[in-house]
Every structure is written in C-alpha cells, then in structure tokens.
Amino acid sequence: SAVINAWSRSGHKDGPQKAKSLLDEMLQSYQQEQNEELKPNRYCFNAVINAWSKSSLDGSALRAEEVLEQMKSLYENGVIDEKPDIISYTTVIDAYARSMHPKSALRADEILQEMKMLYENGDDTMKPTNVVNNTVMNAW
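Predicted, not measured: the structure shown is a model, and the values here were computed from it.

Q: An account of helix α2 (residues 15-33) is needed here, citing residue identities and associated values.
A: Relative to the 27 Å expected for 19 residues at 1.5 Å per residue, α2 spans 27 Å between its end C-alpha atoms, a close match to the ideal helical length. Those residues of α2 that are buried are in contact with α1 (2-9), α3 (42-54) and α4 (60-76). Glutamine 34 sits one or two residues past α2 and shows a positive phi near 55 degrees.

Q: How would you sum up unusual backbone geometry? Please name residues and give values.
A: Here glutamine 34, not a glycine, exhibits a phi torsion of approximately 55 degrees, which is positive. Its location among the elements puts glutamine 34 in the loop between α2 and α3.

Q: Give me the lowdown on the packing of α2 against α4, citing residues and values where you can.
A: Closest axis-to-axis distance for the α2/α4 pair is 13 Å, and the angle between their directions is 15 degrees. Of the possible angle classes, the one that applies to α2 and α4 is roughly parallel. Note on packing geometry: the crossing formed by α2 with α4 is left-handed. Here Lys20, Leu23, Asp24, Leu27 and Gln31 of α2 come into contact with α4, specifically with Val67, Gln70 and Leu74. Looking at the contact of α2 with α4 residue by residue, the class counts come to 4 nonpolar, 2 polar and 2 charged.

Q: Explain the side chain of threonine 90 residue by residue, including any values.
A: On the secondary structure map, threonine 90 appears in helix α5 (residues 86-98). Take threonine 90: its relative accessible area is 14%, and that puts it in the buried class. Dropping the residues within four chain positions of it, threonine 90 is found in contact with Met115, Val131, Val132 and Thr135.

Q: Could you give an account of the nonpolar core, naming the residues involved and the relevant values?
A: The nonpolar side chains of a soluble globular protein tend to be buried, and buried together. Counting residues in each nonpolar core, the largest one holds 35 residues, and the members touching the most others are Ile4 and Ile93. Contact partners of isoleucine 4, with chain neighbours within four places excluded, come to Ala19, Leu22, Leu23, Met26, Cys44, Ala47 and Val48.

Q: Describe the environment of glutamate 37, naming the residues involved and giving the relevant values.
A: Position of glutamate 37 among the secondary structure elements: in the loop between α2 and α3. Through-space distance from the C-alpha of glutamate 37 to that of aspartate 109 is 36 Å; in sequence the pair is 72 residues apart.

Q: Can you explain the packing of α5 against helix α7 (residues 130-139)? Please cite residues and give values.
A: Running from N to C, α5 and α7 cross one another at 20 degrees; their axes reach a closest spacing of 8 Å. By the angle between their directions, the pair α5 and α7 is classed as roughly parallel. α7 is crossed by α5, and the crossing has left-handed handedness. The residues of α7 that touch α5, namely those facing Ile86, Thr90, Ile93, Asp94 and Ala97, are Val131, Val132, Thr135, Val136, Asn138 and Ala139. Residue classes in the contact of α5 with α7 are distributed as 7 nonpolar, 3 polar and 1 charged.

Q: Go over the environment of serine 8 with me, naming the residues and quoting the values.
A: By secondary structure assignment, the location of serine 8 is in helix α1. Through-space distance from the C-alpha of serine 8 to that of alanine 51 is 4.4 Å; in sequence the pair is 43 residues apart.

Q: Outline the pattern of salt bridges, listing residues and values.
A: Counted by the stated rule, this structure contains 12 salt bridges. Of the charged contacts in the structure, one is a salt bridge between arginine 42 and aspartate 85, with a shortest N-O distance of 3.8 Å. With arginine 42 in helix α3 and aspartate 85 in the loop between α4 and α5, this pair connects stretches of sequence that are 43 residues apart. Of the residues examined, arginine 42 reaches a relative accessible area of 24% and is grouped as partly exposed.

Conventions used here
Residues numbered from 1 in each chain as written. Predicted model: local features only at pLDDT ≥ 70, side-chain atom pairs only at ≥ 80, totals over all residues. Heavy atoms only, no water. Helix = DSSP H or I, 4+ residues; strand = E, 2+ residues; numbered from the N terminus. Expected span 1.5 Å × (residues − 1). Contact = heavy atoms within 4.5 Å. Axes fitted to C-alpha atoms, helices over the stretch in contact; angles between N-to-C directions. Parallel < 35°, antiparallel > 145°, perpendicular 65-115°, else oblique. Left-handed = near helix turned anticlockwise from the far one by under 90°. Nonpolar A, V, L, I, M, F, W, Y, C, P; charged D, E, K, R; others polar. Buried < 20%, exposed > 50% of the residue type's maximum accessible area, 1.4 Å probe, protein only. Core = buried A, V, L, I, M, F, W, Y, C linked by side-chain atoms within 4.5 Å. Salt bridge = Lys/Arg side-chain N within 4 Å of Asp/Glu carboxyl O.

Pasting the structure below:
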C-alpha cells in the first residue's frame, strides 16, 4: 500500500494509472493466494481515488468513481472487509468538482444524495459534512 500511496501522491501524469494497476495486482494476488497480507484495505482504494481526483487527464473523475464502485462491489460480495467511507465519497465528489465535464456538478450532487440516503438508512458514518456540501457547491 505504500507504493500505491507513493504513486497516488507523485503528481506524475501516469501516477493514477500506476496506482490503479498496483491495486488491481494486489487484489488479484489476494484472490488467488488468499494471503491476508495482500488484501487491499480502504486506505489503498482511497489512495487510488485520490490520485484520480487530482489528475488533469480526461475522464479522471469517472475513473475515480469506477474505483469507488469497485470498492462497493467487492465489499458487498465479501471480498474485502471495509466499505467505502466518507473520504471515499468526498474524494470522488472532489474529482467531479475539478472536472470540466458539463455534467460534473450534477454527478457530484447525485453522489451527495447517495451519501444522504446511506446516512438516512442508518449508516452514521455517511453523514454529509460541511466539507462535502462545500465540495458539491464548488462543482457548480
């Protein structure tokens, strides 16, 4: 996970893809070998999401969201132990806020609505904070 984090913070244009490739390799190795030391944790996923959120490459917000969706699916299917947290969601919202795509603000708001629904359904960790709300406002 340290190498994933290093790539995610490198600022290199290939950093997000390198971090994602390492995450995928780690996940594949874990699934093949069932070695708990290879199981990606929330920190690994959030580092990759963060790398995409800071990237200026076209489609980076969508890629950040794809990692979030992958994390949700893996958690729901019992492959990983940790579900996405408020940082996971907020970082994807931030990716859309930075994006120049015409529908970015709308997608950021939809993700905020998903967080609100999770909170209203009993997930107290998903209570939107002022930071989340301000990040969505920045998308507009």
